[in-house]
Amino acid sequence: MKKITTISDLKKILQINREKGLSIGLVPTMGALHAGHISLVNKSVADNNVTVVSVFVNPTQFNDKNDLDRYPRTLDADTTLLEKAGCTIVFVPSVEEMYPEPDTRTFSFAPLDQVMEGPARPGHFNGVAQIVSKLFYAVEPDRAYFGQKDFQQVAIIRLMTKQLNLPIEIVSCPIMREDSGLALSSRNMLLSDEERKKATKISLALFKSTTFVPDKSVEEIKAFVKESLSSDLVFRMEYFEIVDGYTLQSVKSWDDASYIVGCITIYCGKIRLIDNVVYKK
Ligand code: PAF
């Protein structure tokens, strides 16, 4: 595995691979890798001749400076995991390399970015689009891999790729979970042991709620999930929405869409966790 830090070196090496007719997969990450990321790398390694994994904590997608400062950084452990997983190139640029000038581009993904994480984290998806588009231009991959845990992010990146006419296949991969059901996240390592135990209630409430569909109404399911998690003071719900899986707009009844997903963002102590569950597909 090669470690590369500049876009020009990355482009040179990838051009040689492209001239040999080799396919390229990109897995964009912010590091602090866990089995969820590695499942994306495994998929890319299976699908492509060359797999590039970027490790870059992107400052423009953090609307909260404390969240950026607190974000875990574990490059040595990440490199070991990537090497084992068969990654070809790990791309670890500096902030100056990715943003030689402030990125003044503003993207609009309406209505996808006007719900859930959009209002909850102003500027977040603009920052994601800035960095992912830069990575797409730098790597020009055939395929790019994202986790379904960031459900809204995947929908927005698909739209951005179309808006920019980029010939890149966006591959979304299933959520990976601990045995307890807790969705794997780099943020889990910031939870105390006690919080981590309690955080398992989030996926349990989501899974349980799927067993009531379609007998209970959308409103009843929302109330069930909110009530299941409101009794414990460690939790502070940011939102739980039941949405059309394609348009991300709220549904009122199970007949409103062919693909329906419940998306939750909840604080467990100080740590912001997200998860989702499919109700209908
Ligand atoms: O999902 C993430 O880790 C980030 O949002 C991404 C896609 C790597 C962009 O910084």
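This is a predicted model, so every value here is computed, not measured.

## Looking at the site of the ligand
Line of reasoning, step 1. As a structural note, the neighbourhood of the ligand is formed by P28, T29, M30, N58, Q61, I131, F146, D150 and Q153.
Line of reasoning, step 2. Q61 places a side-chain nitrogen or oxygen 2.6 Å from an oxygen atom of the ligand.
Line of reasoning, step 3. Between the ligand and Q153 there is a distance of 2.8 Å, counted from an oxygen atom to a side-chain nitrogen or oxygen.
Line of reasoning, step 4. Of the residues contributing to the shell around the ligand, the split by class is 4 nonpolar, 4 polar and 1 charged.

## A closer look at empty space enclosed by the protein
Line of reasoning, step 1. Throughout the structure, instances matching the rule amount to 2 cavities of 30 Å³ or more.
Line of reasoning, step 2. Quantified by volume, the second largest cavity comes out at close to 60 Å³.
Line of reasoning, step 3. Lining of the second largest cavity is provided by K149, L182, A183, S185, N188, I202, L273, I274 and D275.
Line of reasoning, step 4. Considering each element in turn, the lining of the second largest cavity owes the most residues, 3 residues, to strand β9 (residues 271–280).
Line of reasoning, step 5. Split by residue class, the lining of the second largest cavity holds 5 nonpolar, 2 polar and 2 charged.

## Here's the deal with helix α9 (residues 193–210)
Line of reasoning, step 1. All of the buried residues along α9 are E195, A199, T200, I202, S203, A205, L206 and S209.
Line of reasoning, step 2. Here the buried face of α9 lies against α10 (218–230), β7 (235–244), β8 (260–268) and β9.

## A look at the sheet that holds strand β3 (residues 50–55)
Line of reasoning, step 1. Read from one edge to the other, the open sheet built from 6 strands follows the order β1-β4-β3-β2-β5-β6, with strand pairing classed as parallel. A single partner strand is all that each edge strand has here, and the edge strands are β1 (2–4) and β6 (169–173). Each strand axis lies, on average, 25° off the axis of its neighbour in the sheet, ignoring direction.
Line of reasoning, step 2. As defined by bridge partners, β3 adjoins strand β4 (residues 89–91) across 3 bridges and the pair is classed as parallel. Residue pairing across strands places V53 opposite V90, the latter belonging to β4.
Line of reasoning, step 3. Relative to β4, helix α1 (residues 7–19) is tilted by about 155°, and along the sheet it contacts β1, β2 (24–29), β3 and β4.
Line of reasoning, step 4. Along the sheet face, helix α4 (residues 75–85) touches β1, β3 and β4 and points at about 170° away from the line of β3.

Reading the values: rules and limits
- Position numbers for residues count from 1 along each chain, tracking the sequence in the order it is written.
- In keeping with the model being predicted, local features are shown solely for residues with a pLDDT of at least 70 and side-chain atom pairs are shown and tallied solely at 80 or more, while totals for entire chains, interfaces and linings include all residues.
- Hydrogen atoms and water are omitted, and side-chain values are computed over all heavy atoms in the structure.
- Residues are labelled near a given molecule or strand when at least one of their non-hydrogen atoms is within 4 Å of it.
- Polar contact is the term for a pair of N or O atoms within 3.5 Å; when the atoms are in protein, one must be able to donate a hydrogen and the other to accept it, and sequence-neighboring residues count only if both atoms are side-chain atoms.
- Throughout this entry, Asp, Glu, Lys and Arg are counted as charged residues, while Ala, Val, Leu, Ile, Met, Phe, Trp, Tyr, Cys and Pro are counted as nonpolar. The remaining residues, Gly among them, count as polar.
- In this analysis the probe radius is 1.4 Å and the grid spacing 1 Å, with only protein atoms considered; a cavity is a set of points the probe fits into but cannot get out of, a pocket is an open set with protein on both sides within 12 Å along at least five of seven lines, and lining residues have an atom within 4 Å of a point.
- Grid points are joined across faces, edges and corners, and a volume is the space filled by probe spheres set on the points.
- Working definition: helices are DSSP H or I runs of at least four residues, strands are E runs of at least two. Numbering for both runs from the N terminus.
- Between buried and exposed lies partly exposed: a residue is buried under 20% and exposed over 50% of the maximum accessible area for its type, with that area taken using a 1.4 Å probe on protein chains only.
- Contacts are assigned to residue pairs that have any heavy atoms within 4.5 Å of one another.
- Think of it this way: DSSP has to see at least two bridges between two strands before they count as a pair.
- Working convention: axes come from line fits to C-alpha atoms, limited for helices to the stretch in contact. Angles between N-to-C directions cover 0 to 180 degrees.

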